[in-house]
Amino acid sequence: RQTLTDTLINCIQVMPHKVNIYTALLGSLAVDEFEFAQEIVTRTVESLQQTLVIHADVYRSKNIMRLVGNLVFLGLINSEGFCNFLLSFIEEY
């Protein structure tokens, strides 16, 4: 699980043109293994702090946000929760 999660997060960060594939993968995974999909989404969002704040890599951060936006669009992430996350993220940094 760890290797798969790390590889998927790395792919999300460097290959934005496949964001729809990653979104579909997470959606399909959530149907059968919700906890695992939730873990991947949580670790992906947590990686946003490392890519944006620590490494100042706007490109990778933008790609993570693109995936999260797709997950909101599909209803896998609550839009209100996502907006609250963005507000707290902006206030913190």
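## Some points on the overall build of the protein
1) Next: Within the protein, the regular secondary structure consists of five helices and zero strands.
2) Next: The secondary structure elements of the protein, listed N-terminal to C-terminal, are α-α-α-α-α.
3) Next: Its C-alpha atoms give the protein a radius of gyration of 13 Å, within 12% of the compact-globule value 12 Å for 93 residues.
4) Next: The dimensions of the protein, computed from C-alpha atoms along their principal axes, are 35 × 25 × 25 Å.
5) Next: Out of the 93 residues in the protein, the part that is buried amounts to 32%.
6) Next: Counted over contacts in the protein with a minimum sequence separation of 6, partners at least 24 positions apart contribute 62%.
7) Next: Accessible area for the protein stands at about 5,900 Å²; split by element, carbon and sulfur atoms hold 59% of it.
8) Next: Charge centroids of the protein, computed over 6 positive and 10 negative side chains, lie 13 Å from each other.

Analysis parameters
Residues numbered from 1 in each chain as written. Predicted model: local features only at pLDDT ≥ 70, side-chain atom pairs only at ≥ 80, totals over all residues. Heavy atoms only, no water. Helix = DSSP H or I, 4+ residues; strand = E, 2+ residues; numbered from the N terminus. Rg over C-alpha atoms; globule rule 2.2 N^0.38 Å. Buried < 20%, exposed > 50% of the residue type's maximum accessible area, 1.4 Å probe, protein only. Contact = heavy atoms within 4.5 Å. Areas by Shrake-Rupley, 256 points an atom, 1.4 Å probe, with all protein chains shown as cover. Lys, Arg positive; Asp, Glu negative; His and termini not counted. Charge placed at Lys NZ, Arg CZ, Asp CG, Glu CD.

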